[in-house]
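Coordinate inspection notes
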Amino acid sequence: MKNIYGVLVLCINFVYSQRTPIISHITQKSIKDIGGTTELKCTVLYATDFSVLWVKVDKERFTEPVTFSSGSTLIIRDSRLSLTQDTDSNSYTLQINDIQETDAGFYRCEVMLGLTNKITADTELVVRRRPFISDNSTRSLIVNEGQSVKLECYAGGYPSPIVSWRRANNAILANGVSIYRGNILEIPVITKEDRGTYYCVAENGVGKGARRNIALEVEFAPVITVPKRRLGQALQYDMDLECHVEAYPPPAIVWLNNGVQLSNNQHYRISHFATTDEITDSTIRIITIENRQYGDYICKASNVLGTAEVTVTVYETIIPVCPPACGQLSSHLKNSTIKMSSANVSFLIVLYLFFIK
């Protein structure tokens, strides 16, 4: 009887030894944060006499496969890696500690049946990544007023980020809202009011969101405004004329009188002050105005997109206008006081001499 039992056991072992190995279980997709730990487990039946390997593979085939272990032995020496073989369950567990972004990818459990024959099963390690803005996104843009504009922003990371658009200081976007969600922000007809900084923001709940600042510059022909079209001043007093110019690229600004371009001399002083790339304030001072200097003055601004001009008329008044004549008025009053005082002294001396006689 014992002999029969022994023969039966040998037969069963022989039958099992002839069976093809089977991968009965492999860890499903694992999603982990950077710095975390994952265990990739592969259970193989009937593989006592075969090699079981853990291999990282690139399904796009940009890089070669990397073999981590064979049987119960780690091939790659890395303090973050460990391998456990459980003979009772016929499982091989690859543990990765302190997960990095580069650990993401597909891991394959392989059972080598021969030089060219093997069975495999794959699992994926997904590493949650904070968002990043892709290089094919818009960085800056210069357009002409009236054109259609398309700002593009694409982001990567895991989970897939949500992309939104904002303007500096929460200014309203061209579509009438302060926040727009989507990869592409379209402005059908751009105006100079749409120029400025736009923010592309990508968020996926992992760490801080990514942000890119996009400078949108709108080129437009000059637009001129003046405080007053008609200004009066008395003879022999200074007079200031001002014009406020908006344009991009920055314009050339000139002042003309009777068709002649004016320049700095003893009669005129011209100054330009740029407050931004698009705004310039120009002032011309008429020094000690004379009769021939009354009339029309033209502020003219030109850039590659066009030219604009505004006429300011200067007329004569009896009473000096302050400003800019304030300092001159004080000086005149002071001189008048001095002259009056001298006359009074002379008059008193004459009276004194008259009575003495």
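Below, the structure is looked at part by part. Note that the coordinates shown come from a computational prediction; the quantities given were computed from them, not determined experimentally.

Conventions and cut-offs
Residues numbered from 1 in each chain as written. Predicted model: local features only at pLDDT ≥ 70, side-chain atom pairs only at ≥ 80, totals over all residues. Heavy atoms only, no water. Buried < 20%, exposed > 50% of the residue type's maximum accessible area, 1.4 Å probe, protein only. Helix = DSSP H or I, 4+ residues; strand = E, 2+ residues; numbered from the N terminus. Pairing = 2+ DSSP bridges. Disulfide = S-S within 2.5 Å.

Further remarks concern the pairing of strand β16 (residues 184–187). Burial of β16 is one-sided: the residues Leu-185 and Ile-187 facing one way are buried, the residues Ile-184 and Glu-186 facing the other way are not. As paired strands, strand β12 (residues 149–152) and β16 are joined by four bridges and run antiparallel to one another. If you follow Glu-152 over to β16, its bridge partner there is Ile-184.

The next thing to look at is the state of the cysteines. In the structure shown here, the tally under the stated rule is three disulfides. Two residues, Cys-42 and Cys-109, share a disulfide whose sulfurs are 2.0 Å apart. One quick way to see it: the torsion about the S-S bond of Cys-42 and Cys-109 is about -75°, and its sign makes the bridge left-handed. Here Cys-42, found in strand β3 (residues 38–45), pairs with Cys-109, found in strand β9 (residues 105–112); they are 67 residues apart in sequence, far enough to count as distant. Residue Cys-42 is classed as buried on the basis of its relative accessible area, which comes to 0%. Through a disulfide, Cys-153 is tied to Cys-200; the S-S separation comes to 1.6 Å. Judged by the sign of its S-S torsion, about -50°, the cystine formed by Cys-153 and Cys-200 is left-handed. Note that Cys-153 is positioned in the loop between β12 and β13 (155–158) and Cys-200 in strand β17 (residues 196–203), a separation of 47 residues in sequence.

With that out of the way, let us pick up the side chain of Gln-233. Mapped onto the secondary structure, Gln-233 falls in strand β19 (residues 230–233). For Gln-233, a relative accessible area of 0% translates into the label buried.

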